[in-house]
Amino acid sequence: MLISVAVPVPFLDLLTYNVPESVAVPPIGARVRVPVGARTLTGCVVRHDALVEEGTDVKDIGEAVDREPLLPPSIVELCRWVADYYVAGIGDALAVAMPPGARGKASAFRRQRIATLSALGSDPGDGSTQPLESPHHRGLTPKQSAALQILSAAPAGLPTSELRERGVTPAVLAGLAKRGLVVLRDERDDRDPFERAAMMDVAPDADRELTEEQQRAADDLFALADAAEFRVALLHGVTGSGKTEIYLRLADRIRRSGRQVLLMVPEIALTPSMAALVRGAFGDRVAIQHSALSVGERHDQWHRIRRGEIDVVVGTRSAVFAPLDRLGLIVVDEEHDGSYKQEETPRYHGRDVAIMRASRERALVVLGSATPSMESYQNAVTGKYTRITLERRVLDRPLAAVRLVNMRTEYADEGPEIVISRELAAAIGERLARGDQALVLLNRRGYSTAIFCRQCGDTFECPNCTVSLTVHRAGSGAGWRARCHYCNYSVLVPTACRKCAAPYLEHAGFGTERIEEHLRERFPDARIGRVDRDSVRRKGALTQILSKFAARELDVLVGTQMIAKGHDFPGVTLVGVISADVGLGLADFRASERTFQLLTQVAGRAGRGERTGEAIVQTLYPEHYSIQLACRQDYPAFFEREVVYRRGMRYPPFFALVNGVVRGRTFDDAMQQAREIVRRLEPATAAGRFTVLGPAPAPLGRLRGEHRVQFFLKGTRRADMRHALLQVVAAMPEIRRRLTIDVDPLSVL
Ligand code: ADP
Ligand code: ZN
């Protein structure tokens, strides 16, 4: 028999192999060893009874790895859909669904190695990038020198696959590793960190009575669940309306009916209490899927699910591929959250895959949010989804009252140096005096956003990317380090200007580190913590800070959007927002939506306990509608306003977008290739199937040393757009490794 096998080689389609008469046909979802060129790889059986053209030379499969399917056939099918919809390789799509162990030695799936410069390979002192002059580097081949140069620009290291694309072969790396100049390590997956310790002590109150509004919502959802059909419900409930309690009751009902539940959360580390509540409610038959567990633990959890020992899975976006085979319910909590979108191949959206999966397995999907995405709410408006609304907080707690502070007035009165307005400072002081807690949001990390010389104007820009470097405190010592948030290039900031030697370097713009410092100076007795990607880099740090804040061992928590998500801290009665308009300047059609979501969500963290909450929002644009309506926490009004813009501009949810980015060594090269793609799309656009915008330089014109040019396809039928793109790619095979295709992009930089 001929079978179709997916192999873990980017861009490769299914391959066909022969299973000799004497060998048992491996089932769909099982792994097999197969010859690919000169190599033997581990692939996954995707289809039986494959057909090939007469006379094609078909090789035999090698040994079978599994007798039983490793992946259930339903998941294999789901991955095929993902590969197709998101224009990704089937091997890449299957890799996401594989248990972590299967990517290790037993299989070639996703075996990513990272190469980093060693201490010998890097320049010891100031972080500048001149490794070639060190005495250790004599006698290197030109290729080895070139490799060191590339690596010196990427302190965090680069995957060997990416290095290979840039001409650095494994042999070159091995040579450097042997001389101790380069260190090779296996990839660590940091996408959804969660630590065991994050299981905070949360006692679920089993006898708690639902409020009337909760009960009505639960009853509506019960009815949908009992139909045991594919349905999508949008649970639109204001912050603090008690959505979690409803999820738990619904999950219990599904479980009792003999079916299984998948509960998706944006980032487990940020909502540890959700995992704890579910564990508390369903005990041992709960699996938690997150990548910060050891490979062994993840492997065990996955196989417990696969063996059917689990009723409820709690996990982040990749949990949508959990091998459950009696799925009855998928809850997507905070469905608007951007972290459901994977920003690398396959670029899938966890919520959208959840809906597709549920439709195949006749399950109910509940999308929960206080600030639904425009896409989901529009589907509720048209009746495609059932809308269920919670308009009030539990126990009639009022929503936080929001006050706007116009920073223009503040600057006029207090001078340009002011970062915390008089009103906000006074409110924080009041909370400290009362023993209440406060959150202070600034969605920009670092100390300052730029540094420049007052005498000659020299600035610190990333040599690899078109961004200015963000300045961080270099550590416990004085000193500053300027770092690129895209490629991780960093350099110590000297005390005098590099160009003119003047000793006047000035900081411009400010981030969370500066706010923290400012608050410490202003309120020396307050206990202050900070949550952003820099402060929680160390394993366990995030859990530690959040637990301390929950235990009221901290008074003020400063942070980026990480502090705005789902948290339930009853002691918080004040939320301060510094620079509410940070995101509004971006050239992105979702800027207003994101700003509205962030402000509404963070304001929703205040007043969740017995005492009423208040939010103070500092802005330069107090009249902007997304800021105005977030203050009123009026989602329907925001939707009505935004939808007019989206329809008028032919943006989602009315039109679908596909983004293409072409990378090149020079701008002209990237532009020329992008033009060629667009030219080849002309017949399809002429036929009116969709329109093409661009090509144009991407907002991030250079990234990690490569020039970037982008274009968009806009239309109502994604299938047409995908089809046309695939045809172009087939005709220009060389473009594959330089072209990134993003279907339904969330961020377009
Ligand atoms: P949401 O996710 O809608 O913002 P949560 O589910 O976090 O809200 O609930 C907000 C708070 O209200 C939590 O502390 C929760 O324990 C509490 N709560 C939920 N339902 C009830 C209820 N029926 N009675 C009392 N407290 C409740
Ligand atoms: Zn950079």
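Look above for the structure.
Note that the coordinates shown come from a computational prediction; the quantities given were computed from them, not determined experimentally.

Colleague: Please provide a residue-by-residue account of the sheet that holds strand β2 (residues 15-18), values included.
Modeller: Reading across from one edge, β2-β1-β4-β3 is the order of the four strands in this open sheet, with antiparallel pairing throughout. Only two strands of the sheet have a single partner each, and these edge strands are β2 and β3 (31-36). The average undirected angle you get between the axes of adjacent strands in this sheet is 55 degrees. Of the pairings in the sheet, the one linking strand β1 (residues 2-6) to β2 comprises four bridges and is antiparallel in character. Bridging from a neighbouring strand, L2 pairs with N18 of β2.

Colleague: Give me the lowdown on the environment of V467, citing residues and values where you can.
Modeller: Looking at the secondary structure, you find V467 in the loop between β17 (450-453) and β18 (470-473). Residue V467 is classed as buried on the basis of its relative accessible area, which comes to 18%. Distance from V467 to C79, taken between C-alpha atoms, is 36 Å for residues 388 residues apart in sequence. Each residue touching V467, except ones within four places of it in the same chain, is listed here: E461, C462, C484, Y486 and L700.

Colleague: Can you tell me about the pattern of salt bridges, naming the residues and giving the values?
Modeller: Under the defined criterion, the tally for this structure stands at 53 salt bridges. The shortest N-O distance in the salt bridge between R304 and E309 comes to 3.3 Å. Residue E309 is classed as partly exposed on the basis of its relative accessible area of 28%. One salt bridge in this structure joins R718 and D744, with 2.8 Å as the shortest N-O distance. With R718 in helix α21 (residues 718-731) and D744 in the segment after β29 (739-743), the pair connects residues that are 26 residues apart, well separated along the chain. On the basis of relative accessibility, which here comes to 29%, the residue R718 falls in the partly exposed class. Here the salt bridges do not stand alone but share partners, grouping D252, R255, R256, R285 and D311 into one network.

Colleague: Account for the environment of K243, with residues named and values stated.
Modeller: Mapped onto the elements of the fold, K243 is located in helix α7 (residues 243-256). Taking the C-alpha atoms as reference points, K243 and C462, separated by 219 residues in sequence, lie 44 Å from one another. K243 has contacts with L235, G237, V238, S369, A370 and L390, leaving out every residue within four places of it along the chain.

Colleague: How would you summarise the coordination of the zinc ion (ligand 2) if you had to cite specific residues and measurements?
Modeller: At the metal site, the zinc ion (ligand 2) is ligated by C462 (SG), C465 (SG), C484 (SG) and C487 (SG), and these contacts range over 2.3 to 2.4 Å. The coordination sphere of the zinc ion (ligand 2) comprises four donor atoms, whose angles at the metal cover 102 to 113 degrees; the geometry is tetrahedral. Mapped onto the sequence, the residues coordinating the zinc ion (ligand 2) show the spacing C-x2-C-x18-C-x2-C. You can see C465 sitting in the loop between β17 and β18 and its partner C487 sitting in the loop between β19 (480-483) and β20 (490-493), a full 22 residues away along the chain.

Colleague: Explain the sheet that holds strand β25 (residues 614-619) to me, using residue names and the numbers behind them.
Modeller: Ordered by their spatial adjacency, six strands build an open sheet running β15-β25-β24-β16-β23-β22, and the pairing between neighbours is parallel. Single-partner strands in this sheet number two, and they are β15 (401-406) and β22 (528-531). Between one strand axis and the next, the sheet turns through 15 degrees on average, direction left out of account. The pairing of strand β24 (residues 572-577) with β25 spans four bridges and is classified as parallel. Within β25, the residue paired with G576 across the bridge is I616. Lying on the sheet, helix α12 (residues 407-414) is in contact with β15 and β25; it crosses β15 at an angle near 50 degrees.

Colleague: Could you give me a rundown of the site of ligand 1, with the residues and numbers involved?
Modeller: Lining the immediate surroundings of ligand 1 are 16 residues, of which E209, Q214, G240, T244 and D568 lie closest. Measuring from an oxygen atom of ligand 1, one finds a side-chain N or O atom of R208 at 3.1 Å. Between ligand 1 and E209 there is a distance of 2.8 Å, counted from a nitrogen atom to a backbone nitrogen or oxygen. Protein contacts shield 83% of the accessible area of ligand 1, which totals 560 Å² for the unbound molecule. When grouped by side-chain class, the residues that make up the shell around ligand 1 number four nonpolar, seven polar and five charged.

Colleague: Please provide a residue-by-residue account of the packing of aromatic side chains, values included.
Modeller: What the rule picks out here adds up to 14 aromatic pairs. With a centroid separation of 4.4 Å and 10 degrees between ring planes, the pair formed by F589 and Y651 is classed as stacked. Of this pair, F589 sits in the loop between β24 and α16 (591-603) while Y651 sits in the loop between α18 (635-648) and β26 (656-664); the two residues are 62 residues apart in sequence, bridging distant segments of the chain. Consider the rings of F596 and F638, whose centres lie 4.3 Å apart with planes at 10 degrees: the pair is stacked. Within this pair, whereas F596 is found in helix α16, its partner F638 is found in helix α18, the two being separated by 42 residues in sequence. Under the relative-accessibility criterion, F596 is labelled buried at 0%. Assessed through its relative accessible area of 1%, F638 is described here as buried. Taken together through their ring pairs, the aromatic side chains of Y377, F596, Y625, Y635, F638 and F639 make up a single cluster.

Colleague: Which residues make up the pairing of β19, and what values go with them?
Modeller: Along any regular strand the residues' side chains alternate between the sheet's two faces. In this sheet, β19 lies alongside β18 in antiparallel orientation, the contact comprising four bridges. Across the sheet, the residue bridging to H472 is R481, located in β19. The hairpin formed by β19 and β20 contains six residues between the paired strands, and N488 there has a positive phi angle of roughly 75 degrees.

Colleague: Please provide a residue-by-residue account of unusual backbone geometry, values included.
Modeller: In this structure, P346 follows T345 across a cis peptide bond, with omega equal to -10 degrees. A cis amide bond links P652 with the next residue in sequence, P653, at an omega value of 10 degrees. In this structure, P653 sits in the loop between α18 and β26. The residue L395 is not glycine, and still its phi comes out positive at about 55 degrees. Relative to the assigned elements, L395 resides in the loop between β14 (386-390) and β15. One non-glycine residue, R704, lies in positive phi territory at about 50 degrees. Its location among the elements puts R704 in the loop between β27 (691-703) and β28 (706-715).

Criteria and thresholds
Residues numbered from 1 in each chain as written. Chains lettered and ligands numbered in written order. Predicted model: local features only at pLDDT ≥ 70, side-chain atom pairs only at ≥ 80, totals over all residues. Heavy atoms only, no water. Pairing = 2+ DSSP bridges. Helix = DSSP H or I, 4+ residues; strand = E, 2+ residues; numbered from the N terminus. Axes fitted to C-alpha atoms, helices over the stretch in contact; angles between N-to-C directions. Buried < 20%, exposed > 50% of the residue type's maximum accessible area, 1.4 Å probe, protein only. Contact = heavy atoms within 4.5 Å. Salt bridge = Lys/Arg side-chain N within 4 Å of Asp/Glu carboxyl O. Donors = N, O, S within 2.8 Å, 3.2 Å for Na, K, Ca; no water. Tetrahedral: all angles 85-135°; square planar, octahedral: opposite > 155°, others 65-115°. Near = heavy atom within 4 Å. Polar contact = N/O pair within 3.5 Å; in protein donor to acceptor, adjacent residues only side chain to side chain. Areas by Shrake-Rupley, 256 points an atom, 1.4 Å probe, with all protein chains shown as cover. Nonpolar A, V, L, I, M, F, W, Y, C, P; charged D, E, K, R; others polar. Phe/Tyr/Trp six-rings, centres within 6.5 Å; stacked < 30°, edge-to-face > 60°.

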